[in-house]
Amino acid sequence: MRPKIICHMITSIDGRLLTDRFEPPAGVTDYNAFLWARYEEAEARLPHDGWIAGRKTLERYAVSLTDHALEAPTERQDVIGDRHGQKLGVLFDPSGRLFFEKNTMEDHLVFVFSTQVPQAHVDHVQSIGASGLFAGPDGRDIASVLDRLGDHFGARTLLLEGGARLNGAFLAQRLIDETSTLVMPAIDGLAGMPSIYEHSASENDPPAQGQAMELISAETLEGGVVWLRHRLLSQAANPPSKA
């Protein structure tokens with residue numbers, strides 16, 4: 001059984017993601033510390049086995065970005081490292097761009113690749129004690145990856161902490177069970193800034209179609225931050241018309 005997915009994010013009241021663009025609440029001097037304190041406060045109250053993020057989110061932790069050529073898609077076997085009781089850090093990196101000389105993070109890293117990633121890169125991932133899972137020729141077979149995270153590691157709940165596109169892909173594939181949204185008392189207001197969920201779809205095929213939301217809780221945290229938790233109730237993909 002796949003793990004439950006909770007999308008845990010910080011946003012402005014207009015749904016934007018770039019926190020360095022937010023105006024700090026009145027009286028807050030160290031804004032980064034304030035942001036992370038609220039985020040980790042909520043995260044600690046969400047029992048979970050690890051987190052999920054994308055390449056853009058994790059670039060700052062990598063030594064460099066690789067520039068290898070992709071290969072023709074082939075059948076590949078997952079590489080499973082020893083978790084050592086750690087939480088999971090699942091990195092969606094379809095092209096295998098992130099390069100770590102060693103695992104400098106506290107969690108067991110699980111890279112998610114397309115089947116076009118060179119074997120030499122996969123071998124390196126294995127050499128640093130990390131795991132590698134394959135998500136089809138384009139790296140978008142998310143559902144299969146989640147099943148294997150449950151099978152290989154016994155993961156029951158994971159926090160999705162990606163960027164707009166990764167979150168949007170999970171949403172469009174109906175793989176988000178709950179949302180945990182920290183709404184900062186701030187407005188971005190600029191058109192084109194990244195939002196929590198973004199997915200390329202037509203106006204007639206919105207990614208959240210058929211996914212009603214039910215409020216779990218609403219709580220005000222320090223500094224006027226509002227923590228909203230919702231449950232997604234997935235309905236039929238194409239509900240009958242009410243003609």
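Residues numbered from 1 in each chain as written. Predicted model: local features only at pLDDT ≥ 70, side-chain atom pairs only at ≥ 80, totals over all residues. Heavy atoms only, no water.

**Student:** For this particular structure, what's the right way to read the environment of Glu214?
**Tutor:** By the secondary structure assignment, Glu214 is in strand β10 (residues 211–220). Along the backbone, Glu214 and Arg231 are 17 residues apart, and their C-alpha atoms lie at a distance of 5.1 Å. When neighbours within four sequence positions are excluded, Glu214 is seen to be in contact with Arg229, His230, Arg231 and Leu233. Side chain to side chain, Glu214 and Arg231 meet in a polar contact 2.6 Å long. (Helix = DSSP H or I, 4+ residues; strand = E, 2+ residues; numbered from the N terminus. Contact = heavy atoms within 4.5 Å. Polar contact = N/O pair within 3.5 Å; in protein donor to acceptor, adjacent residues only side chain to side chain.)

**Student:** Help me understand the pattern of salt bridges in this model?
**Tutor:** Side-chain pairs of opposite charge can arise whenever the charged atoms involved come near each other. Following the criterion strictly, the structure yields nine salt bridges and no others. In this structure, Lys4 engages Glu178 in a salt bridge whose closest nitrogen and oxygen atoms are separated by 3.2 Å. In this pair, Lys4 sits in strand β1 (residues 4–11) while Glu178 sits in strand β9 (residues 178–183), placing the two residues 174 residues apart along the sequence. Classification of Glu178 as buried rests on a relative accessible area of 8%. Among the ionic pairs, Glu178 bridges to Arg229, the shortest N-O distance being 3.0 Å. (Salt bridge = Lys/Arg side-chain N within 4 Å of Asp/Glu carboxyl O. Buried < 20%, exposed > 50% of the residue type's maximum accessible area, 1.4 Å probe, protein only.)

**Student:** What am I meant to see in the nonpolar core here?
**Tutor:** Burial of nonpolar side chains together is a common tendency in soluble globular proteins. Counting residues in each nonpolar core, the largest one holds 29 residues, and the members touching the most others are Ile52, Phe92, Leu149 and Phe170. Secondary-structure elements contributing two or more residues to this core are β1, β4 (88–92), β6 (108–113), α4 (142–153), β8 (157–160) and α5 (164–172). Setting aside chain neighbours within four positions, we find Leu149 in contact with Leu88, Val90, Val110, Leu133, Gly154, Ala155 and Leu158. Of all hydrophobic cores here, the second largest spans 18 residues; its members include Val79, Leu98, Ile128 and Ala130. (Core = buried A, V, L, I, M, F, W, Y, C linked by side-chain atoms within 4.5 Å.)

**Student:** I tried to follow the pairing of β8 on my own but got confused; where do I start?
**Tutor:** Within a regular beta strand, the side chains point alternately toward one face of the sheet and then the other, so they alternate between its two faces. Residues of β8 alternate between two faces, with Thr157 and Leu159 on one and Leu158 and Leu160 on the opposite face, all of them buried. Alignment of β1 against β8, held across four bridges, turns out to be parallel. In the sheet register, Ile6 faces β8, and the bridge partner there is Leu159. (Pairing = 2+ DSSP bridges.)

**Student:** Help me understand unusual backbone geometry, please; the structure alone is not making it clear to me.
**Tutor:** A negative phi angle characterises most non-glycine residues, just as the trans form characterises most peptide bonds. Here His84, not a glycine, exhibits a phi torsion of approximately 55°, which is positive. Residue His84 is classed as exposed on the basis of its relative accessible area, which comes to 63%. We note that Arg174 has phi near 60°; this positive angle belongs to a residue other than glycine. With a relative accessible area of 23%, Arg174 lands in the partly exposed category.

**Student:** Would you explain a negative patch on the surface in this entry?
**Tutor:** Where like charges cluster on the molecular surface, the negative patch consists of Asp138, Asp141, Asp147 and Asp151. Mapped onto the elements of the fold, Asp147 is located in helix α4. Residue Asp147 is classed as partly exposed on the basis of its relative accessible area of 37%. (Patch = residues over 30% accessible without salt bridge, like charges linked within 9 Å, V, L, I, M, F, W, Y side chains within 5 Å. Areas by Shrake-Rupley, 256 points an atom, 1.4 Å probe, with all protein chains shown as cover. Lys, Arg positive; Asp, Glu negative; His and termini not counted. Charge placed at Lys NZ, Arg CZ, Asp CG, Glu CD.)

**Student:** I tried to follow the sheet that holds β6 on my own but got confused; where do I start?
**Tutor:** Hydrogen bonds between backbone groups are what pair the strands of a sheet, and the pairing can be parallel or antiparallel. Read from one edge of the open sheet, nine strands run β7-β6-β4-β2-β8-β1-β9-β11-β10, paired in mixed fashion. Among the strands making up the open sheet, the edge pair consists of β7 (131–134) and β10. Averaged over neighbouring strand pairs, the angle between their axes works out to 25° when direction is ignored. Across six bridges, the pairing between β9 and strand β11 (residues 226–234) is antiparallel. Across the sheet, the residue bridging to Thr179 is His230, located in β11. Along the sheet face, helix α3 (residues 119–127) touches β6 and β7 and points at about 170° away from the line of β6. Contacting β1, β2 (50–54), β4, β6, β7 and β8, α4 runs over the sheet at an angle of about 140° to β7. (Axes fitted to C-alpha atoms, helices over the stretch in contact; angles between N-to-C directions.)

**Student:** I tried to follow helix α1 (residues 31–44) on my own but got confused; where do I start?
**Tutor:** Structural remark: α-helix, 3.6 residues per turn; residues separated by three or four positions point the same way. Given a rise of 1.5 Å per residue, 14 residues ought to cover 20 Å, and the 20 Å separating the end C-alpha atoms of α1 matches this to within 8%. When we look at burial in α1, the residues that qualify are Tyr31, Phe34, Leu35, Arg38, Tyr39, Ala42 and Glu43. The buried residues of α1 occupy an angular sector of 160° when the element is viewed end-on, so they sit on one face. Exposed residues on α1 whose side chains face more than 90 degrees from its buried face are Asn32 and Ala44. Elements in contact with the buried residues of α1: β1, β8, β9 and β11. (Expected span 1.5 Å × (residues − 1). Arc of directions from axis to C-beta.)

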